[in-house]
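Listed here are the chains, written in short residue letters.
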Amino acid sequence: MTDDGMLGDSQRAHWERTYGEHPGMYGERPSDAAVHAAGVFLDAGATDVLELGAGHGRDALFFAQEGFSVHATDFSPVAIEQLRAAAREQGLARRVTGAVQDVRDALRLPDASFDAVFAHMLLCMALSTEEIHRLVGEVRRVLRPGGVFVYTVRHNGDAHFGAGTGHGDDIWEHGGFAVHFFSRELVDSLADGWILDDVHAFEEGELPRRLWRVTQHVPVV
């Protein structure tokens, strides 16, 4: 773990406090990345979707509304409880399950159990390069042949790259939030053994944040 795990643990506590103090902090509207991913998943014939780093669930609930069965995970118990409550309120509890999962650990899921995986800005949290590679290996394990992985990350062209407190391994902390800024070399290395379909640059939010949306899929042998 980065900094012997201390940074990751402190970030988990920071996000837990943030979700507790700001319920539904990202609103109910799905991210643009999730809207795009839903189209990709539909085109691929996916029915079962895993979302990593789901937060309070705006994208997971959107996927369920689009007809997918969704298993949503986050390392914040507060966020997962908000997600479950929203699913009940919206009549989506049969389509959405939520579970607490720290992605630094192995995913507690069977092999080849999902058609698609979505992760919006999860891979670029306070994870070391080694942890990111291990996580992508876990994503591949739980995907079925032909399964699709759509993820977004902030990259080293972002204005916050190199700003704030540096933790090494391209991780920079600004405003209490630590981000692992991706290089294109890292994106390409994470696609080794996959089929890399698309790397799309886009902007989101204030500043604005500069991100890549990456789509790759498991080859069908």
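Nothing here was measured: the structure is a model prediction, and the numbers come from that model.

A. Focus on the pattern of salt bridges. One pass over the structure, following the stated rule, counts 14 salt bridges. As a salt-bridge pair, Arg134 and Glu130 come within 3.6 Å of each other at their nearest N and O atoms. Remark: Glu130 and Arg134 occur in helix 5 (residues 129-142); sequence separation between them is four residues, near one turn of the helix. For Glu130, a relative accessible area of 59% gives the class exposed.

B. Focus on the packing of aromatic side chains. The final tally for this structure, using the stated rule, is nine aromatic pairs. Taking the centre distance of 5.0 Å and the plane angle of 35° together, the rings of Phe149 and Tyr151 count as tilted. The buried category is assigned to Phe149, whose relative accessible area is 0%. You can call Tyr151 buried: its relative accessible area is 0%. When the centroid spacing of 6.5 Å and the interplanar angle of 55° are considered together, the rings of Tyr151 and Phe182 count as tilted. Residue Tyr151 is found in strand 5 (residues 143-154), and its partner Phe182 is found in the loop between strand 8 (177-180) and helix 6 (184-190); the two are separated by 31 residues along the sequence. No difference in accessibility class separates Tyr151 from Phe182, as the two residues are buried.

C. Region of the structure containing the environment of His180. Position of His180 among the secondary structure elements: in strand 8. Distance in space between the C-alpha atoms of His180 and Ala106 is 20 Å, their sequence separation being 74 residues. Those residues within four positions of His180 in sequence are excluded, and the remaining contacts are Cys124, Met125, Leu127, Ser128, Thr129, Ile132, Arg154, Asp169, Asp170, Ile171 and Leu186.

D. View of the UniProt feature "domain: Methyltransferase" (unreviewed entry) in the protein. As recorded in UniProt, the feature "domain: Methyltransferase" (unreviewed entry) lies at residues 49-147. The span residues 49-147 is 35% helix and 27% strand, and its two end C-alpha atoms sit 10 Å from each other.

E. Region of interest: the nonpolar core. Residues Leu52, Leu123, Leu135, Phe149, Tyr151 and Phe182 are the most contacted members of the largest nonpolar core, which totals 36 residues. Secondary-structure elements contributing two or more residues to this core are strand 1 (48-52), strand 4 (114-120), helix 5, strand 5, helix 6 and strand 10 (209-217). The element best represented in this core is helix 5, accounting for five residues. With residues near it in sequence (within four places) discarded, Phe149 still touches Val117, Ala119, Leu123, Val136, Val139, Leu143, Trp194, Val214, Thr215 and Gln216. Formed by 25 residues, the second largest nonpolar core is a distinct cluster that contains Ala37, Leu83, Ala116 and Val150.

F. Structural detail: the sheet that holds strand 10. Taken in spatial order, the seven strands of this open sheet run 3-2-1-4-5-10-9, and their pairing is mixed. Only two strands of the sheet have a single partner each, and these edge strands are strand 3 (96-100) and strand 9 (195-204). Strand-to-strand, the axes of this sheet are offset by a mean angle of 15°, without reference to chain direction. Against the sheet, helix 2 (residues 32-43) contacts strand 1, strand 4, strand 5 and strand 10, and its axis sits at roughly 165° relative to strand 4. This element, helix 4 (residues 77-89), spans strand 2 (69-74) and strand 3 of the sheet and lies at about 170° to strand 3.

How each quantity is defined
Counting of residues starts from 1 at the beginning of each chain's written sequence and follows it residue by residue. Owing to the predicted nature of the model, reporting of local features is limited to residues with pLDDT of at least 70; listing and counting of side-chain atom pairs is limited to 80 or more, with chain, interface and lining totals taken over all residues. The side-chain quantities take in all heavy atoms of the structure and omit both hydrogens and water. Within this document, salt bridges are pairs made up of a side-chain nitrogen of Lys or Arg and a carboxyl oxygen of Asp or Glu, the two lying within 4 Å of each other. Going along the chain from the N terminus, every DSSP run of H or I of four or more residues is numbered as a helix, and every run of E of two or more is numbered as a strand. Each residue is assigned to one of three classes by its accessible area relative to the maximum for its type, calculated with a 1.4 Å probe on protein chains only: buried under 20%, partly exposed between the two thresholds, exposed over 50%. Planes of paired rings set the category: under 30 degrees apart is stacked, over 60 is edge-to-face and the rest tilted, where pairs are Phe, Tyr or Trp rings (Trp by its six-membered ring) whose centres lie within 6.5 Å. Whether two residues touch is decided by their heavy atoms; if any such pair falls within 4.5 Å, the residues are in contact. UniProt positions are given in the numbering used here, feature names are shortened, and annotations may be inferred rather than shown by experiment. Nine residue types can take part in a nonpolar core, namely buried Ala, Val, Leu, Ile, Met, Phe, Trp, Tyr and Cys, and a core is a set of them joined through side-chain atoms within 4.5 Å. Two strands form a pair only when DSSP identifies at least two bridges running between them. Lines fitted to C-alpha atoms define the axes, with helix axes restricted to the stretch in contact, and inter-axis angles between N-to-C directions lie between 0 and 180 degrees.

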